[in-house]
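Residues per chain are reported as follows:
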Amino acid sequence: MTTGPLRDDEQHILFEIERALRRDRRLDRQMRTLGRRRRPRLGRVARWRPRPWTAAVLLVVSVALMAAGIDTSEPAVIWTLAAVWPVTLYSVFRLLCRWTEP
């Protein structure tokens, strides 16, 4: 393969291809958002091994939020509990699974 300059007909074909690619809006959008798109790393979440104190802190925070939500009925407290409670359950479950492994 040569590394010299392109012939005129090859240069013309290259310009036509570049012009067609510049007009492609879908390709342009994909190229602009290529670096920004981050997918969740589910494997990392599945390998998470919480420490006992992490599960204990999450459990205490969840119980406190539950008591505050029952007492005040504030939507912000209830939504915060709704966000923290699944993480608490998952960490306690993973901790119990780790303790019961042979």
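Everything in this summary refers to the structure shown in the same document. (Residues numbered from 1 in each chain as written. Predicted model: local features only at pLDDT ≥ 70, side-chain atom pairs only at ≥ 80, totals over all residues. Heavy atoms only, no water.)

What to know about a nonpolar patch on the surface
So, point 1. Together, Leu 59, Val 63, Met 66, Ile 70, Trp 85 and Leu 89 line one region of the surface with nonpolar side chains, adding up to about 550 Å² of accessible area.
So, point 2. Counting residues per element, the ones that place at least two in the nonpolar patch are α4 (52–72) and α5 (75–99).
So, point 3. In terms of residue count, α4 provides more of the nonpolar patch than any other element does, four residues in total.
So, point 4. Inspection of the secondary structure puts Val 63 in helix α4.
So, point 5. Taking relative accessible area as the criterion, Val 63 reaches 49% and is therefore assigned partly exposed. (Patch = residues over 30% accessible without salt bridge, like charges linked within 9 Å, V, L, I, M, F, W, Y side chains within 5 Å. Areas by Shrake-Rupley, 256 points an atom, 1.4 Å probe, with all protein chains shown as cover. Salt bridge = Lys/Arg side-chain N within 4 Å of Asp/Glu carboxyl O. Helix = DSSP H or I, 4+ residues; strand = E, 2+ residues; numbered from the N terminus. Buried < 20%, exposed > 50% of the residue type's maximum accessible area, 1.4 Å probe, protein only.)

Points about α4
Since the α-helix packs 3.6 residues into each turn, any two residues three or four apart lie on the same face.
So, point 1. Over its 21 residues, α4 runs 30 Å from end to end, which matches the ideal 30 Å to within 8%, given 1.5 Å per residue.
So, point 2. Within two residues after α4, Ser 73 carries a phi angle of roughly 60°, on the positive side. (Expected span 1.5 Å × (residues − 1).)

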